[in-house]
Amino acid sequence: MSRIPLGVLDLIPIPSGSSASDALRHSIDLARQTERFGYARYWFAEHHLNPGVAGVSPAVALALTASATSSIRIGSGAVQLGHRTALSTVEEFGLIDALHPGRLDLGLGRSAGAPTPRPAGDEPFVGFTPNGLRIPERFSFAHLLGHPNVALQRKLLNLPGARPQDYAEQVEDVLALLRGEYRSPEGIAARAVPGEGADVEVWILGSSGGQSAETAGRHGLRFAANYHVAPASVLEAAEGYRAAFKPSEELDRPYLSVSADVVVAPDDATARELAAGYAPWVRSIRAAEGAIPFPSPDEARALTAGWSDAEHALVADRVETQFVGSPRTVADHLERLQEATGADELLITTITHDHADRVRSYRLLAEEWSRR
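Residues numbered from 1 in each chain as written. Predicted model: local features only at pLDDT ≥ 70, side-chain atom pairs only at ≥ 80, totals over all residues. Heavy atoms only, no water.

Participant: Break down the overall build of the chain for me, with residues and values.
Facilitator: The number of helices and strands found in the chain is 14 helices and twelve strands. Its C-alpha radius of gyration of 20 Å places the chain within 12% of the 21 Å reference for a compact globule of 372 residues. For the C-alpha atoms alone, the extent of the chain along its principal axes is close to 60 × 45 × 40 Å. As displayed, the chain offers around 16,200 Å² of accessible surface, 54% of which is attributable to carbon and sulfur atoms. (Helix = DSSP H or I, 4+ residues; strand = E, 2+ residues; numbered from the N terminus. Rg over C-alpha atoms; globule rule 2.2 N^0.38 Å. Areas by Shrake-Rupley, 256 points an atom, 1.4 Å probe, with all protein chains shown as cover.)

Participant: Lay out the nonpolar core in plain terms, naming residues and giving numbers.
Facilitator: Counting 97 residues, the largest nonpolar core has L108, L334 and L346 as its most contacted members. Considering each element in turn, this core owes the most residues, seven residues, to helix 6 (residues 167–179). Discounting residues that sit within four places of it in the chain, L346 has contacts with I4, P5, L6, G7, S257, V258, L334, L337, Q338 and W369. Core analysis: the second largest hydrophobic core is formed by six residues, A265, A271, L274 and V324 among them. (Core = buried A, V, L, I, M, F, W, Y, C linked by side-chain atoms within 4.5 Å. Buried < 20%, exposed > 50% of the residue type's maximum accessible area, 1.4 Å probe, protein only. Contact = heavy atoms within 4.5 Å.)

Participant: Could you give an account of the environment of Q33, naming the residues involved and the relevant values?
Facilitator: Summarising the element assignment, Q33 is placed in helix 1 (residues 20–37). Note: C-alpha distance between Q33 and Y362 (329 residues apart in sequence) is 8.8 Å.

Participant: Can you explain empty space enclosed by the protein? Please cite residues and give values.
Facilitator: Summed over all chains, the structure comprises one cavity of 30 Å³ or more. Counted as a void, the largest cavity has a volume near 70 Å³. For the lining of the largest cavity, a count of residues per class yields three nonpolar, four polar and two charged. (1 Å grid on protein atoms, 1.4 Å probe; cavity = no way out; pocket = protein on both sides within 12 Å on 5 of 7 lines; lining within 4 Å. Points joined across faces, edges and corners; volume = space filled by probe spheres on them. Nonpolar A, V, L, I, M, F, W, Y, C, P; charged D, E, K, R; others polar.)

Participant: Give me unusual backbone geometry: which residues, what numbers.
Facilitator: Residues G77 and A78 are joined by a peptide bond in cis, for which omega reads 10 degrees. Looking at where A78 falls in the secondary structure, it is placed in the loop between strand 3 (73–76) and strand 4 (79–80). In this chain, V193 is followed by P194 through a cis amide linkage whose omega measures 0 degrees. Within the fold, P194 resides in the loop between helix 6 and strand 8 (200–206). The phi dihedral of I12 falls on the positive side, at around 55 degrees, and the residue is not glycine. The residue I12 is located in the loop between strand 1 (6–10) and helix 1 in this model. Even without glycine at this site, L49 takes up a positive phi of about 55 degrees. Mapped onto the secondary structure, L49 falls in the loop between strand 2 (41–44) and helix 2 (58–68).

Participant: Please set out the pairing of strand 12 (residues 345–349) residue by residue, giving values where relevant.
Facilitator: Within strand 12, five of the five residues are buried, which leaves the element mostly enclosed by the surrounding structure. Neither face of strand 12 is exposed, since E345, L347 and T349 on one face and L346 and I348 on the opposite face are all buried. Pairing analysis gives three bridges linking strand 1 to strand 12, with the strands arranged parallel. Following the sheet pairing, G7 is matched in strand 12 by L347. Bridge count for strand 10 (residues 256–264) against strand 12 is five bridges, and the pairing is parallel. Residue pairing across strands places A260 opposite I348, the latter belonging to strand 12. (Pairing = 2+ DSSP bridges.)

Participant: Would you mind going over the pairing of strand 1 in detail, with residue names and values included?
Facilitator: Here strand 1 lies mainly inside the structure; five of its five residues are buried. Neither face of strand 1 is left uncovered, since the one carrying L6, V8 and D10 and the one carrying G7 and L9 both have all their residues buried. Looking at chain direction, strand 1 and strand 2 are connected through four bridges and run parallel. The residue bridging L9 from the neighbouring strand is W43, located in strand 2.

Participant: Any details on the pattern of salt bridges? Residues and values, ideally.
Facilitator: According to the stated counting rule, one finds 25 salt bridges in the structure shown. A salt bridge links E46 to R84, with the nearest nitrogen and oxygen atoms 3.2 Å apart. Of this pair, E46 sits in the loop between strand 2 and helix 2 while R84 sits in the loop between strand 4 and helix 3 (86–99), and the two are 38 residues apart along the sequence. Each of the two residues, E46 as well as R84, counts as buried. Salt-bridge contacts for R222 lead to E250; the nearest nitrogen and oxygen are separated by 3.0 Å. Of the two residues, R222 sits in strand 9 (residues 222–225) while E250 sits in the loop between helix 8 (234–244) and strand 10, which places them 28 residues apart along the sequence. Overall, the relative accessible area of 11% leaves R222 in the buried class. If you follow the salt bridges from partner to partner, you end up with R41, R73, D105, E201, R222, E250 and E345 in one network. (Salt bridge = Lys/Arg side-chain N within 4 Å of Asp/Glu carboxyl O.)

Participant: Describe the side chain of E35, naming the residues involved and giving the relevant values.
Facilitator: Looking at the element boundaries, E35 is found in helix 1. For the buried E35, no salt bridge exists, and the shortest N-O distance to an oppositely charged side chain is 4.4 Å, to R103. Among the polar contacts listed, one links the side chain of E35 to the backbone nitrogen of I72, at a separation of 2.9 Å. When residues no more than four places from it in sequence are discounted, the contact partners of E35 are T69, S70, S71, I72 and R103. (Lys, Arg positive; Asp, Glu negative; His and termini not counted. Polar contact = N/O pair within 3.5 Å; in protein donor to acceptor, adjacent residues only side chain to side chain.)

Participant: Just give me the short version of the packing of aromatic side chains, but keep the residues and values in it.
Facilitator: Counting across every chain of the model gives ten aromatic pairs. For the ring pair Y42 and F44, a centre distance of 5.3 Å and an interplane angle of 55 degrees mean the geometry is tilted. Members of the aromatic cluster, connected to one another through ring pairs, are W43, W203 and Y255. Against the face of Y255 rests R222, its NZ or CZ located 5.8 Å from the ring centre. The ring of F139 is capped by R286, whose NZ or CZ atom sits 3.7 Å from the centre of that ring. (Phe/Tyr/Trp six-rings, centres within 6.5 Å; stacked < 30°, edge-to-face > 60°. Lys NZ or Arg CZ within 6 Å of the ring centre and 35° of its normal.)

Below, the structure written as structure tokens:
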């Protein structure tokens, strides 16, 4: 398994009692540490209006991290294209590439677009794969689509009257600008400087086998499937990507990364204690409140005391697919995830209340993984 690279996905979480400044300093330190531990990539996610998450701009965060590291690949997981233009995205990453060439991964996401409907009669698999990977019931985000907090976020992220470009078309524009081949419908050329010719790896991130997986496959790009966000549809996402894949100048075969939420400690009991804040943290996201500052174990127990069945159900799929335990326990889970999906890489996201516990989690996992 050590031949399967591990990467890091960082939301820049803010623990309770801490600040955004503390969180950013800790993330930069974690990037230095994970580079030393042998992780292949360090990606920053993009989220907005979350009191407990400071990762609002992957480009800014990775520019700061690039100067603090030397060899680990850095990138976005992912830039939300729904409220950006292809040109601004290419220029931002081109600007960073100008000083740190050959280290950037440009991960592109749809940014909370409507989920792709499943074909009629196509029932999703639920249960355990033959090798024991848990595939839970599909979580429905329908209750969030009309929530006023979600509407407010869209209003604040988009200019008045702006209409988002079709995602697949926007990805095509990004690729054309990077290659220096962009032409408007009227045939007018646009040159992104910086950006044109930037030595970046383009990735598509997705949670299903729908438009994102199809776009990645059709263009022969790398694809990252989100088990940590949408565990119910990870197999569908991997299969959809491979079914759509066409060889490109970049890749002659599909290349898949799969994410997992992980907490590692010297023993299973300690890891479960460190992961106690995960359930109330996920609940705050899925209730459209915005991610709360990540609670300590004692705070988490107070927050979850007296939860209703509905509140437990709101987070069940995420809690039961978080890999928590000793290095051996978690590495065994990751092996099952890799085998079930055929992933070429695994992307690890870990949140604990204390920074030292988070660093130790990544260290223990890297040490165990290297022995396999």
